[in-house]
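What the coordinates show
Each chain is listed here by its residues.
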Amino acid sequence: MAGLVCVSIDTHFVKAVCAIVVKGHWDNLLKPKIGSSVTSTTINQVLQYLSLDESSLSWSFFKLVELIPNYKHSLQSSWTMIQILTKKKQYKTAQNMLEKIALKDFLSSPTVLNALMENPDDSHSNSHILSWLVIFYANSKMTQDAIQVFEHMRVNRLTPHLHACTVLLNSLVKDRLIHIVWKIYKKMIKLGVAPNIHIYNVLIHGCCKSGDVEKAEEMLSEMALRSICPDLYTYNTLIYLYCKKGMHYQALSIQDRMEREGVSPDIVTYNSLIYGYCREGRMREALRLFKDIKGAVPNNVTYTTLIDGYCRVNDINEALELREVMEAKGLHPGVVTYNSILRKLCEGGRIKDANKLLYAMNEKKIQPDNITCNTLINAYCKIGDMKSALRVREKMLGAGLKPDQFTYKALIHGFCRAKEIECAKELLFDMVKAGHFPGSCTYSWLVDGYCNQDNEEAIIRLLDEFAKKGLLIDISVYRALIRRLCKREKVDYAQQIFNLMQERGIIGDSVIYTSLAYTYFKLGKGIVASDLLEEMYRRRLMVTLKLYRSFAATYADDKNILGIFWDCVVERGLISKSVLKYIQQLKLLS
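For every chain, the first residue of its written sequence is number 1, and the numbers climb from 1 along that sequence. Per-residue local features are limited, in this predicted model, to residues with pLDDT of at least 70; the limit for side-chain atom pairs, both in listing and counting, is 80 or more; totals at the level of whole chains, interfaces and linings are taken over all residues. For side-chain calculations, the full set of non-hydrogen atoms in the structure is used, while hydrogens and water are omitted.

**Structural notes on the overall build of the protein**
Across its full length, the protein holds 34 helices and 0 strands. We compute the radius of gyration over the C-alpha atoms and compare it with the globule rule, which gives 2.2 Å times the number of residues raised to the power 0.38. Taking 25 Å as the expected radius of gyration for a compact globule of 590 residues, we find that the protein reaches 34 Å, considerably beyond that expectation. Only protein chains enter the calculation, and the probe is 1.4 Å; a residue is then buried if its accessible area is under 20% of its type maximum, exposed if over 50%, and partly exposed in between. Across the 590 residues that make up the protein, the buried fraction comes to 47%. By the convention used here, residues are in contact when the closest approach between their heavy atoms is within 4.5 Å. Here the contacts in the protein between residues at least 6 apart in sequence split such that 64% fall between residues at least 24 apart. His is not counted, nor are the chain ends, whereas Lys and Arg count as positive and Asp and Glu as negative. Every charge is mapped onto a representative atom, which is NZ of Lys, CZ of Arg, CG of Asp or CD of Glu. Here the protein contributes 77 positively and 61 negatively charged side chains, and the mean placements of these two sets differ by 1 Å. Strands are runs of DSSP state E lasting at least 2 residues, helices are runs of H or I lasting at least 4, and numbering of each runs from the N terminus.

Next comes the structure, spelled out in structure tokens:
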């Protein structure tokens, strides 16, 4: 009975508030007697009542309520207001309001969306609102949230706007999540969304990013079936994809097709075709096409592509001349242009000319980037001038640039070649601290450096030094050290690292066991090798095709003994049938 009275009072209060609003007695709402009784549930009910009116009373009421002391709109009342605005086709206001609440209260969560969508039958408004939400999240680089909202729409059979699908797919392509692009596209088609030229352009751009020519051609055929004509962007993307894959004939065929269909090539088209020739070193064809450009004006990209092409074929003088032509045309070479020339000068050991070029860059206020600095650092490291290499790194830091993986690897390799292994080691620690993965070759340089100095103990100490500096290392570090020590036949030290690894709770993988087993086998310690292979069998550690090929390349000079070792591995059942078949085919060919 008390519950019925409560409901009756609430309904009476809602009607009273509605009456105040309709009569225009707005000030009464701000009086403590009424204002203190207002709750989010009341606001929600009042909004629904007022929405039946053709005027904009609901919006005026919503804004006025914000002035009540200590009152804050709930997510539900905000959502109700957005729905009302959408029904009244006040889309811009609704969209702006949605974007304000989109980052709050886990709005993309299916649980929250289910609670908010009290009237699931209102598919028209819900499709609008959720499509806007997908667009907002995708544009805000909150891709996972955008996907969640899209999935909520799919489950509730709500058709997303075509623009929302385009923005979501484009966001996924930018993030290189191409496998998800195709899943979303299939679901989009099932929901009844008819793709247009913009959708197909995004999909073909995705094919370009993943290098999938077959899929791009499939999309082109699908467009034809839907009577959708490719536009300039479609053709340019396809031409660039073909040129990137070295399929220059197909790229030229696309150019012929676009011209037959009345689509005029622009400078992007020509730049892609010139790039295709340049990357293959076909500079005569590139220059001929450059001279034949019609209806478009060569830009920085055109000249930079040609300059890079000349550098690729070791014609540095032609590259420098073209830079002068470029400047005479009123085009200003950027850092990318200078980097191409700088790289070639450094490769040819022309460090003085490289420094002159740097001075020219400085004169023209062109800021060097990481590639500029790394090119110079690598050049100095190659000639053993480590002081100059470190000076460039200091200038790099001074300019606000952060050393990347290439910077560290060049310096570490340089110090190892200069036999300054301790300096190389400190840089290795800096590299790991900076969050970069050194890779097996970096560790190999250190192992070689210490072994050349007969200081193998330093390699063992390296692991403790990592721990003292608070740097966590995983199996990849142990694997790299063991492999290199095994290659140098320092199996006793490799075994020490293996033992340390096991003591620290890290279990060896196929690479580690195979490396140790082969080295013991090669050194005539067959029993130890046999025990390791037995352990591999117990732990079901198999020799994969990738591992087999890696060993074949690393120990190419050990053909006879490696062949006998593989026979032992096969006898133990450590090679799968597919790998065994590959080995047998190789034997037949040899």
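Still more ground to cover, so stick around.
**Let's talk about the packing of aromatic side chains**
Centre distance within 6.5 Å is the pairing criterion for rings of Phe, Tyr and Trp, where only the six-membered ring of Trp is used; planes under 30 degrees apart are then read as stacked, over 60 as edge-to-face, and the remainder as tilted. Summed over all chains, the structure comprises 17 aromatic pairs. Arranged with centres 5.1 Å apart and planes meeting at 90 degrees, the rings of F429 and F466 form a pair that is edge-to-face. Taken together, the residues F429 in helix α25 (residues 421-433) and F466 in helix α27 (residues 457-468) connect sequence positions 37 residues apart. Like F429, the residue F466 is buried in the burial classification. Taken together, the ring pairs connect Y518, F521, Y548, F551, Y555, F565, W566 and Y582 into an aromatic cluster. We call a charge positioned above a ring when the Lys NZ or Arg CZ atom is no farther than 6 Å from the ring centre and deviates by at most 35 degrees from the ring normal. Residue placement shows K215 over the ring face of W182; its charged tip is 4.6 Å from the ring centre. Stacked on the ring of Y537, the Lys or Arg R540 has its end atom at 5.1 Å from the ring centre.

**Brief notes about the side chain of Q255**
Along the polypeptide, Q255 turns up in helix α15 (residues 248-260). For Q255, a relative accessible area of 10% translates into the label buried. Apart from the residues within four sequence positions on either side, Q255 is in contact with I239, Y270 and L273.

**Some details on the pattern of salt bridges**
Between side chains of opposite charge, a pair can form as their charged atoms come close. Any carboxyl oxygen of Asp or Glu within 4 Å of a side-chain nitrogen of Lys or Arg constitutes a salt bridge here. Within the structure shown, the criterion is met by 25 salt bridges. Note that K364 and E327 form a salt bridge whose closest N and O atoms lie 2.5 Å from each other. Separated by 37 residues along the polypeptide, K364 in the loop between α21 (351-363) and α22 (370-382) and E327 in helix α19 (residues 316-328) bring together distant segments of the chain. You can call E327 partly exposed: its relative accessible area is 27%.

**Some remarks on the state of the cysteines**
In this description, a disulfide is simply a cysteine sulfur pair whose atoms lie within 2.5 Å. What the rule picks out here adds up to 0 disulfides. C243 provides the cysteine sulfur closest to C278, a residue in no disulfide bond, and the two sulfurs are 10 Å apart. The class for C278 is buried, based on a relative accessible area of 2%. Free cysteine: C451, not disulfide-bonded; nearest cysteine sulfur from C486 at 11 Å.

**Thoughts on the packing of helix α28 (residues 475-487) against helix α29 (residues 491-503)**
Throughout, an axis means a line fitted to C-alpha atoms (over the contacting stretch in the case of helices), and angles, computed between N-to-C directions, take values from 0 to 180 degrees. The geometry of α28 relative to α29 is characterised by a closest axis approach of 8 Å and an angle of 160 degrees between their N-to-C directions. Taken together, the axis directions place α28 and α29 in an arrangement best described as roughly antiparallel. The two elements α28 and α29 cross, and the hand of that crossing is left-handed. For the pair α28 and α29, contact is made by Y478, L481, I482, L485 and C486 and by V491, Y493, A494, I497, F498 and M501, respectively. Charged means Asp, Glu, Lys or Arg here, nonpolar means Ala, Val, Leu, Ile, Met, Phe, Trp, Tyr, Cys or Pro, and polar covers whatever is left, Gly included. Looking at the contact of α28 with α29 residue by residue, the class counts come to 11 nonpolar, no polar and no charged. These descriptions rest on fixed angle ranges, namely under 35 degrees for roughly parallel, over 145 for roughly antiparallel, 65 to 115 for roughly perpendicular, and the rest for oblique. Handedness of a crossing is defined here by the sense of rotation of the near helix relative to the far one, left-handed for an anticlockwise turn of less than a right angle and right-handed for a clockwise turn.

**Focus: the nonpolar core**
If you look at soluble globular proteins, the nonpolar side chains tend to sit buried side by side. Counting 191 residues, the largest nonpolar core has W79, L107, F466 and L516 as its most contacted members. The biggest single contributor to this core is helix α8 (residues 123-139), with 9 residues. Here L516 is in contact with I482, C486, V491, A494, Q495, F498 and L532, once residues within four sequence places are set aside. By nonpolar core is meant a set of buried Ala, Val, Leu, Ile, Met, Phe, Trp, Tyr and Cys residues that side-chain atoms within 4.5 Å join together.

**Concerning the environment of L252**
As for its position among the elements, L252 is in helix α15. Here L252 falls in the partly exposed class, since its relative accessible area comes to 26%. With 84 residues separating them along the chain, L252 and V336 place their C-alpha atoms 27 Å apart. With residues up to four places along the chain from it excluded, the contact list for L252 reads L273 and Y277.

**Remarks on helix α20 (residues 335-347)**
Here the expected length of a helix is defined as 1.5 Å per residue gap, with one fewer gap than residues. Between its first and last C-alpha, α20 extends 18 Å over 13 residues, near the 18 Å set by a 1.5 Å rise per residue. Of the residues making up α20, those classed as buried are V335, T337, Y338, N339, S340, I341, L342, K344, L345 and C346. Along its buried surface, α20 packs onto α18 (300-312), α19, α21 and α22. Just beyond α20, the residue with positive phi is G349, at close to 75 degrees.

**Some remarks on the side chain of S78**
On the secondary structure map, S78 appears in helix α5 (residues 75-87). On the basis of relative accessible area, S78 is assigned to the buried category, the value being 6%. If near-sequence neighbours (up to four positions away) are discounted, S78 is found in contact with F62, H73, M97 and I101.

**Observations regarding the packing of helix α10 (residues 162-174) against helix α11 (residues 178-190)**
When two helices pack together, their arrangement is captured by the angle between the axes and the distance separating the axes. For the pair α10 and α11, interaxial distance at closest approach is 8 Å and the crossing angle is 165 degrees. Classified by the angle between their axes, α10 and α11 sit roughly antiparallel to one another. Seen from above, α10 lies across α11 with left-handed handedness. Taken together, the residues of α11 that come into contact with α10 (itself represented by C165, L168, L169, L172 and V173) are I178, I180, V181, I184, Y185 and M188. Of the residues that constitute the contact of α10 with α11, the class distribution is 11 nonpolar, no polar and no charged.

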